[in-house]
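Structural features, examined
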Amino acid sequence: MPFREVNAKMVEATIAPGQKMFSQRGAMLAYRGDVTFTPNMAGGQGGLMSMIGRRVAGEATPLMTVEGRGTVMFGHGGHHIQVIQLSGDTLYVEADRLLAFDGTLEQGTMFLGAQGGVMGMVRGQVTGQGLFTTTLKGHGAVAVMAHGGVIELPITPGRPVHVDPQAYVAHHGDVRNKLSTALGWRDMVGRGSGEAFQLELSGSGAVYVQASEEKL
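The rules behind the values
Residues numbered from 1 in each chain as written. Predicted model: local features only at pLDDT ≥ 70, side-chain atom pairs only at ≥ 80, totals over all residues. Heavy atoms only, no water. Helix = DSSP H or I, 4+ residues; strand = E, 2+ residues; numbered from the N terminus. Contact = heavy atoms within 4.5 Å. Buried < 20%, exposed > 50% of the residue type's maximum accessible area, 1.4 Å probe, protein only. Pairing = 2+ DSSP bridges. Phe/Tyr/Trp six-rings, centres within 6.5 Å; stacked < 30°, edge-to-face > 60°. Salt bridge = Lys/Arg side-chain N within 4 Å of Asp/Glu carboxyl O.

**Observations concerning the overall build of the chain**
A count of helical and extended segments in the chain gives four helices and 13 strands. Restricting to contacts in the chain with at least 6 residues of sequence separation, those with at least 24 account for 80%.

**Section: the environment of Val-35**
Note on placement: Val-35 falls in strand 4 (residues 28-40). Those residues in contact with Val-35 that lie beyond four places of it in its chain are Val-66, Glu-67, Gly-68, Arg-69, Gly-70 and Val-72.

**Quick look at the pairing of strand 7 (residues 98-102)**
Among the five residues that make up strand 7, five are buried, leaving the element largely enclosed by the rest of the structure. Pairing of strand 3 (residues 20-23) with strand 7, which is carried by three bridges, proceeds in the antiparallel orientation. From the neighbouring strand, Phe-22 faces strand 7, where its bridge partner is Phe-101.

**A look at the packing of aromatic side chains**
As enumerated under the stated definition, the model contains two aromatic pairs in all. Between the aromatic rings of Phe-22 and Phe-101, the centroid separation amounts to 5.6 Å while the plane-to-plane angle is 40°, which identifies the pairing as tilted. Remark: Phe-101 occurs in strand 7 and Phe-22 occurs in strand 3; sequence separation between them is 79 residues. For the residue pair Phe-22 and Phe-101, the accessibility class agrees, reading buried in each case.

**Points about the pattern of salt bridges**
Under the criterion given, the structure shown has two salt bridges. A salt bridge links Glu-12 to Arg-4; the shortest N-O distance between them is 3.2 Å. Of the residues examined, Glu-12 reaches a relative accessible area of 11% and is grouped as buried. Judged by its relative accessible area of 47%, Arg-4 is partly exposed. A cluster of three or more residues bridged by salt bridges with shared partners is formed by Arg-4, Glu-12 and Arg-32.

Structural data, given as structure tokens:
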């Protein structure tokens, strides 16, 4: 169920009988046809554990299940929208940056500390970002939100990419993430993000970076 990009801040999706989509609450701008929007307390295809992860990350608002026959236009807060196509791989994305995605995708959560060790927790404690990242796996399309536009940076073996944690939007591929600090603990006191922290992504894949560090 691909998205059609209407402009940089709006996408349109076609809904057909027997298919469904999930969207962030308040993302629907307009629709045509016989389309229904229902709160999904189970957290999409990921079930209860997915919902727990989203709530721990501070996202108490349930997803909306979109079904029926027609077309729906999505957007939210005037944010830039990036459409990402998945072909069986897994996308890792901040839960609050999800706009809408195919109902065929399997949703879950990943604790950032699982790959980054103790430093993975620093990201949530100091930079204000969540400890959990939403995962979407399978074949389908995902529309994510960002500030000021998005650039896709390739990640290749032997050439890791370092990203400001608050500029991070999503990544996919066979990628490991590690959060480190460029400053000592004394220097970090009173600092939130910027060059004090670096999210290192290594392996093979791509990372999406937004033009602004502003949090959604």
